[in-house]
Amino acid sequence: MPKVSNQFVQFGSKQLPFSQLFILRKYVYATVNLKPVLPNHVLVCSRRPVKRLHELTEIETVEFWITVQEVAKVLTEQTKMNCDITIQDGKEAGQTVEHLHCHIIPIGKQKVINLDKTIEEKSEQDMTNEAYRLRAYFEQSLL
């Protein structure tokens, strides 16, 4: 059973427990999505609470995109599907949580993804279990 932690990271106005993270680095973290649009939908987020991509420093930007690339590679290998990689950079772009995050969504033959239409919301335990499963592929990425 996954070890539960009392530590959190900030995601907009919410706090996410470390138990829901599968990557935790100096400038970014990756977490499972509470309201996924498809199975295996995950997020890569900045640790510093910035709203927009252009607010990242150069070093934060590098770590952010390297993490996106690594997560997409693992999800592609594990699901045998291509990934849709999306940032909604600002309210007019559809951003609903004012915290920079990148959606990584394995897709099969589906052509269009509607980020406003989610499948069933996950329980905290489901999110912890999914993060635990993914963490095995990124063990070196936990601080």
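Residues numbered from 1 in each chain as written. Predicted model: local features only at pLDDT ≥ 70, side-chain atom pairs only at ≥ 80, totals over all residues. Heavy atoms only, no water.

1. Brief notes about the sheet that holds strand β5 (residues 42-46)
1) Next: Across the sheet, which stays open at both edges, the five strands sit in the order β3-β4-β5-β7-β6 with antiparallel pairing between neighbours. Only two strands of the sheet have a single partner each, and these edge strands are β3 (21-24) and β6 (82-87). Averaged over all pairs of adjacent strands, the angle between their axes in this sheet comes to 20°, without regard to strand direction.
2) Next: Together, β3, β4 (28-32), β5, β6 and β7 (101-107) form the strand contacts of helix α1 (residues 58-79), whose direction differs from that of β7 by roughly 15°.
3) Next: Packing against the sheet, helix α2 (residues 124-135) makes contact with β3, β4 and β5, and its axis sits at approximately 50° to β3. (Pairing = 2+ DSSP bridges. Helix = DSSP H or I, 4+ residues; strand = E, 2+ residues; numbered from the N terminus. Axes fitted to C-alpha atoms, helices over the stretch in contact; angles between N-to-C directions. Contact = heavy atoms within 4.5 Å.)

2. As for the nonpolar core
One broad trend across soluble globular proteins is that nonpolar side chains are buried collectively.
1) Next: Phe22, Val42, Val44, Phe64, Val71, Leu75 and Ile104 are the most contacted members of the largest nonpolar core, which totals 23 residues.
2) Next: A per-element tally of this core places α1 first, with six residues.
3) Next: If you look at the next biggest cluster of nonpolar residues, it comprises nine residues, including Val9, Phe11, Tyr29 and Cys45. (Core = buried A, V, L, I, M, F, W, Y, C linked by side-chain atoms within 4.5 Å. Buried < 20%, exposed > 50% of the residue type's maximum accessible area, 1.4 Å probe, protein only.)

3. Overview of the pattern of salt bridges
1) Next: Taken as a whole, this structure holds seven salt bridges when the rule is applied.
2) Next: The partner of Glu121 in a salt bridge is Lys35, and the shortest N-O contact between them spans 4.0 Å. On the criterion of sequence distance, the pair formed by Glu121 in the loop between β7 and α2 and Lys35 in the loop between β4 and β5 is long-range, its members being 86 residues apart.
3) Next: According to the relative accessible area criterion, Glu121 is partly exposed, its value standing at 47%.
4) Next: For Lys35, a relative accessible area of 43% corresponds to the partly exposed category.
5) Next: Glu98 is paired through a salt bridge with Lys51; the nearest N and O atoms lie 3.5 Å apart. Within this pair, whereas Glu98 is found in the loop between β6 and β7, its partner Lys51 is found in the loop between β5 and α1, the two being separated by 47 residues in sequence. (Salt bridge = Lys/Arg side-chain N within 4 Å of Asp/Glu carboxyl O.)

4. Regarding the pairing of β3
1) Next: Taken together, the three bridges between β3 and β4 define a ladder with antiparallel strand orientation. Bridged to Leu24 within β4 is Tyr29.
2) Next: What sits between the antiparallel neighbours β3 and β4 is a turn of three residues.

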